[in-house]
Amino acid sequence: MRGRDWINQILPDELILDIFRHVESKASRDACALVCKRWLRLERISRVTLRIGASGCPDALIKVLARRFVNVRNVFVDERLSISLPVQIGRKRGTDHSVISSLKIHSLAETNGSEDNETESYCLSDAGLAAVAAGFSKLEKLSLIWCSNVTHVGLRSIAEKCIFLKSLDLQGCYVGDQGLAAVGEFSKHLEDLNLRFCEGLTDAGLIKLVDGSGKTLQSISLAACAKVTDTSLEAVGSHCRSLESLSLDSEFIHDKGVLAVAQGCPQLKVLKLQCVNVTDGALQGVGTCCLSLELLALYSFQIFTDKSLCAIGKGCKRLKSLTLNDCTFSSDKGLEAVAVGCAGLTHLEVNGCHNIGTYGLESIAKSCTYLSELALLYCQRIGNFALSEIGRGCKFLQALHLVDCASIGDEAICSIARGCSNLKRLHIRRCYEVGNKGIIAVGENCKFLTDLSLRFCDRVGDEALVAIGEGCSLHHLNVSGCHQIGDVGIIAIARGCSKLSYLDVSVLQDLGDISMMELGEGCPLLRDIVLSHCRQITDLGLSYLANRCTLLETCHMVYCPGITAAGVATVITSCTNIKKVLVEKWKVSERTKRRAESIISYLCVDL
């Protein structure tokens, strides 16, 4: 602007605030705040979300944040993240703002691993929660992940003062019944509640909560709460008429509780159950009563049969997503009933259901023509013909996941490639009958493919990747353990997929430096690379890659004998955005350790 501030002289506060609201990246928001004092003040006013760690004097940090960001509505605290302080707050009198301002605030999405604290770390306490309550009166969402030191006292402070609270995540917190009772007493707008791994809860606390806040509750998650029984779910069924989502993982819930919810919550849309003691009786009730159900996920069900799936197919006509995980007694008959009754199904996952075979999947192909995502994991009885039918019938398929499906090979993949031209994501792992022919067909027909994973598919080689490089513009590629892939295939990817951001080539024994050079030239957007167990790659290739892929954030390079301490140092110094390097400890020099110890993860190897 050549010395003249056209922006601040012309634009009013309201317009600049509106611009800040459209800046999503935390790093960009922080950069805006450093432009001038006016922008700093406005950015603080516009900030509505804070994500902080719970160790390293979090109570004092929250008090500082409350003074600076007065309009915050969403606070996410995670004890797994750390915050480093230059001095111990509270140890000396007269601690000024310049000291506290040097606190390092890490967002959940930007922190990979803990940093060395210069002071003794401790967890968020009730005093910290009281500071949240006092400082963020407009709070709508509060997440406390594994904050094990907070108790009912702090939670009561939140409930009393944050009257607009809509979402409360207490995963891993030991808040007890008194805390939940306080929430029920004061939080009359609560919509979402996560109580996973809250071991201190009993029926008494949950009943008091739903008695007070049940009218507005829309989502409840429970897991590993050993003292929460059917009695609580009966209260949920009685008080939570607006409930739309329920997630249960419990050995102590039986048919009685699930039936109470099904009968009392007619608006239920999402139901996830991992309850080994729930039988056909409860799921038949779901099929009869939950006519608005859109997502059903059943995990580790050992004692329910096709009767349940037949009831779901008959009653839940709006079902769009079905997950069957280790459902031992479900068979083709049950899957056929769902296919016929739920023609709008778009997502299907079948994992370890050994009685479901080709016929059941054929029924899906014939009836569920809008299927967009299919995952088949450990399905030994599903063969090529079933996938061929999917290719013919499901033209809108965008994602296919295959893991350990021994009977599925090139014939099936070719049919998918020819029939599902909109495919964007293809993940295949340990399907040993899939080879070059199938993947070449994908490269020739699936022009929208951006995510390809072929882990440990031994029959896939360079020829397949050449076709992919010529036909697709990949963003993610994982060919870990594909031993027939070498420099020719990876060079084809480097030359054809300029938007590649993630690459895993681990355990490729014939991959050398020439591939790294080509990647450096052709893939400037590369952010994550896994090179572990690549014995032919040396410091030369790594240096060429690091100097040209300046956006690189993570690099895994263990068991690479050609990479030395010099190569590791090159990655650290050349890649200014690097956040994580995984390497053997003996390959890190003292100088490199001093410069970037916080981003280095070590694999200890006995020599």
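So, here's what we can say about the structure. Because the structure is predicted, anything quoted here is derived from the model rather than measured.

### Thoughts on the overall build of the protein
Part 1: Broken down by element type, the protein carries 25 helices and 21 strands.
Part 2: By its C-alpha atoms, the protein is 70 × 65 × 60 Å across when sized along the principal axes.
Part 3: Counting only residues that meet the buried cut, the protein has 54% of its 607 residues in that class.
Part 4: Across the protein, contacts joining residues at least 24 apart in sequence account for 76% of those joining residues at least 6 apart.
Part 5: Summed over its atoms, the accessible surface of the protein is roughly 26,000 Å², and 51% of this surface lies on carbon and sulfur atoms.
Part 6: Within the protein, the 66 negative side-chain charges are centred at a point lying 7 Å from the centre of the 66 positive side-chain charges.

### Concerning the pairing of strand β12 (residues 373–377)
Part 1: Most of β12 is tucked away: four of the five residues are buried.
Part 2: Here five bridges tie strand β11 (residues 347–351) to β12, and the two strands are oriented parallel to one another. In the strand pairing of β12, Leu348 is matched with Leu374.
Part 3: Considered for its hand, the β-α-β crossover made up of β11, helix α16 (residues 358–367) and β12 is right-handed.
Part 4: For the handedness criterion, the β-α-β arrangement of β12, helix α17 (residues 384–393) and strand β13 (residues 399–403) is classed as right-handed.

### Quick look at the packing of aromatic side chains
By convention here, two paired aromatic rings are described through the distance between centres and the angle between planes.
Part 1: Tallied over the entire structure, the rule returns three aromatic pairs.
Part 2: The interplanar angle of 15 degrees and the centroid separation of 5.6 Å between the aromatic rings of Tyr370 and Phe396 together place this pair among those described as stacked. Here Tyr370, found in the loop between α16 and β12, pairs with Phe396, found in the loop between α17 and β13; they are 26 residues apart in sequence, far enough to count as distant.
Part 3: Of the residues examined, Phe396 reaches a relative accessible area of 44% and is grouped as partly exposed.
Part 4: Geometry around Tyr602 places Lys585 over its ring, the cationic atom sitting 5.7 Å from the centre.

### A word on the pattern of salt bridges
Part 1: Overall, the coordinates contain 18 salt bridges when judged by the stated rule.
Part 2: A salt bridge links Arg425 to Glu373; its shortest N-O distance comes to 3.2 Å. Residue Arg425 is found in strand β14 (residues 425–429), and its partner Glu373 is found in strand β12; the two are separated by 52 residues along the sequence.
Part 3: With a relative accessible area of 28%, Arg425 lands in the partly exposed category.
Part 4: For Lys587, the salt bridge goes to Glu584, with nearest N and O atoms at 3.7 Å. In this structure, Lys587 and Glu584 share a single accessibility class: buried.
Part 5: Ionic contacts of the salt-bridge type, sharing partners, join the residues Arg29, Asp30, Glu43 and Arg47 into one network.

### Re the packing of helix α19 (residues 436–445) against helix α20 (residues 462–471)
Part 1: At a minimum axis separation of 8 Å, α19 and α20 run at an interaxial angle of 5 degrees. Our classification of the angle between α19 and α20 gives roughly parallel. In this structure, α19 uses Asn436, Ile439, Ile440, Val442 and Gly443 to contact α20, whose residues at the interface are Glu463, Ala464, Ala467, Ile468 and Gly471.
Part 2: The residue inventory of the contact of α19 with α20, partitioned by class, reads six nonpolar, three polar and one charged.

So, how was this worked out
- Residues numbered from 1 in each chain as written.
- Predicted model: local features only at pLDDT ≥ 70, side-chain atom pairs only at ≥ 80, totals over all residues.
- Heavy atoms only, no water.
- Helix = DSSP H or I, 4+ residues; strand = E, 2+ residues; numbered from the N terminus.
- Buried < 20%, exposed > 50% of the residue type's maximum accessible area, 1.4 Å probe, protein only.
- Contact = heavy atoms within 4.5 Å.
- Areas by Shrake-Rupley, 256 points an atom, 1.4 Å probe, with all protein chains shown as cover.
- Lys, Arg positive; Asp, Glu negative; His and termini not counted.
- Charge placed at Lys NZ, Arg CZ, Asp CG, Glu CD.
- Pairing = 2+ DSSP bridges.
- Right-handed = clockwise from strand over helix to strand, strands pointing away.
- Phe/Tyr/Trp six-rings, centres within 6.5 Å; stacked < 30°, edge-to-face > 60°.
- Lys NZ or Arg CZ within 6 Å of the ring centre and 35° of its normal.
- Salt bridge = Lys/Arg side-chain N within 4 Å of Asp/Glu carboxyl O.
- Axes fitted to C-alpha atoms, helices over the stretch in contact; angles between N-to-C directions.
- Parallel < 35°, antiparallel > 145°, perpendicular 65-115°, else oblique.
- Nonpolar A, V, L, I, M, F, W, Y, C, P; charged D, E, K, R; others polar.

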